[in-house]
Amino acid sequence: MPDENKPIDNLVIELQERTREMNCLFTIEDNLNRSDISLKQAFNIVVNTIPSGWQYPNSCRAKIIFDNISYTAIDFPETEWVIASDIIVQDKCLGHIFVYYLEEVPAADFGPFLKEEKKLLDFIAERIGHFILHKKLKNVFSELKNVREQADGRSKGEWKIVLDMIRKTDPNLFMSLMRKTL
């Protein structure tokens, strides 16, 4: 009789794992969708939420490095049991997200990490990249609005607005335009 229940027990365990991962993802998504949240707040929420989605949450810690600033839930030693994903914004790597196990746990697909956990980490890193881009664009449009209000409809300043927007969104294009202008 116990042998007949084994496949069902494995299925229940798998479903519990996916439920934990989905809850982690939903919590992160809900917080990154808030318009009033800063980058620092968002990063702190993410590093505090990630362990709840991993197989061994009590032994799990996360870290985000962005603009040479490290965001962690608590001070912890970096260990050999780590997976990482790059945070990409506009095809540029602007940071990294790491998940560590603090102690040795049973082996899985990627060292101690499940393949589903790696996929989840990649998705979280991608979502953080979108969040950062959204924040940057929001700042650019806010500055554009301020510049337009200051210009008071003077048509001479419109080209400055366009150049300033290009400078902030695509520095390489801006430098190319400046070289050609000179």
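Up top you'll find the structure we're talking about.
(A) Seen up close, the pairing of strand β4 (residues 92-101). Relative to β4, strand β1 (residues 60-66) runs antiparallel, the two sharing seven bridges. Within β4, the position partnered with K63 by the bridge is F98. Bridge count for strand β3 (residues 82-89) against β4 is eight bridges, and the pairing is antiparallel. Each residue of the ladder has a partner; that of S85, found in β4, is I97. With antiparallel pairing between neighbouring strands as the criterion, β3 and β4 make up a hairpin whose turn holds two residues, including Q90 at a positive phi of roughly 50 degrees.

(B) Main features of the environment of N23. Along the chain, N23 falls in helix α1 (residues 2-32). For the pair N23 and I50, spaced 27 residues apart in the sequence, the C-alpha separation amounts to 9.9 Å.

(C) The arrangement of the side chain of E117 in detail. Mapped onto the elements of the fold, E117 is located in helix α3 (residues 115-151). Among buried charged residues, E117 stands out as having no salt bridge; its nearest opposite-charge side chain is R20, 6.4 Å away. What E117 contacts, discounting residues up to four positions off in sequence, is E21, W54, Q55, I83, Y101 and P112.

(D) Up close: unusual backbone geometry. Look at D67: it is not a glycine, yet its phi comes out positive at around 55 degrees. Even without being glycine, Q90 reaches a positive phi, approximately 50 degrees. In this fold, Q90 is placed in the loop between β3 and β4.

(E) Here's a closer look at the pattern of salt bridges. One pass over the structure, following the stated rule, counts eight salt bridges. For R20, the salt bridge is made with E17, and the minimal N-O distance between the two is 2.4 Å. Of this pair, R20 and E17 both sit in helix α1, three residues apart, roughly one helical turn. Classification of R20 as partly exposed rests on a relative accessible area of 26%. Residue R34 is joined to D36 by a salt bridge in which the shortest nitrogen-to-oxygen separation is 3.3 Å. Taking relative accessible area as the criterion, R34 reaches 35% and is therefore assigned partly exposed.

(F) Just the nonpolar core, in detail. Counting 31 residues, the largest nonpolar core has I50, W54, I64, I97, I124 and I128 as the members making the most contacts within it. Among the elements of the structure, α1, α2 (39-49), β1, β3, β4 and α3 are those that each provide at least two residues to this core. Among the elements that take part in this core, α3 stands out by supplying seven residues, more than any other. Those residues in contact with W54 that sit more than four places away from it in its chain are R20, C60, I83, V99, Y101, F113, E117, L120 and L121.

(G) Representation of the packing of aromatic side chains within the structure. With the rule as written, the count across this model stands at five aromatic pairs. Centre to centre, the rings of F43 and F66 are 5.4 Å apart; their planes meet at 65 degrees, and the pair counts as edge-to-face. Placement of F43 in helix α2 and of F66 in strand β1 is noted, with a sequence separation of 23 residues between them. When its relative accessible area of 5% is taken as the criterion, F66 is described as buried. An aromatic cluster is built from F43, F66 and Y71, whose rings are joined through pairwise contacts. The lysine or arginine in question, K63, covers the ring of F98, its NZ or CZ lying 5.4 Å from the ring centre.

Analysis parameters
Within each chain, residue numbers correspond to sequence positions counted from 1 in written order. Side-chain atom pairs in this predicted model are given and counted only at pLDDT of 80 or more, local residue features only at pLDDT of at least 70, and totals for whole chains, interfaces and linings cover all residues. Computation of side-chain values: all heavy atoms of the structure, hydrogens and water removed. We treat two strands as partners when DSSP finds at least two bridges between them. By the criteria applied, helices consist of DSSP H or I runs no shorter than four residues and strands consist of E runs no shorter than two, each listed in order from the N terminus. Relative accessibility under 20% of the residue-type maximum defines a buried residue, over 50% an exposed one, and the middle range a partly exposed one, all with a 1.4 Å probe and only protein chains included. His is not counted, nor are the chain ends; Lys and Arg add positive charge and Asp and Glu add negative charge. The rule for a salt bridge is simple: a side-chain nitrogen of Lys or Arg has to be within 4 Å of a carboxyl oxygen of Asp or Glu. The contact criterion used throughout is that any non-hydrogen atoms of two residues lie within 4.5 Å. As used in this record, nonpolar core signifies buried Ala, Val, Leu, Ile, Met, Phe, Trp, Tyr and Cys residues forming a set joined through side-chain atoms within 4.5 Å. For Phe, Tyr and Trp, where Trp contributes only its six-membered ring, two rings pair if their centres lie within 6.5 Å, and the inter-plane angle classes them as stacked under 30 degrees, edge-to-face over 60, or tilted in between. Charge over a ring is defined by NZ of Lys or CZ of Arg lying within 6 Å of the ring centre and within 35 degrees of the ring normal.

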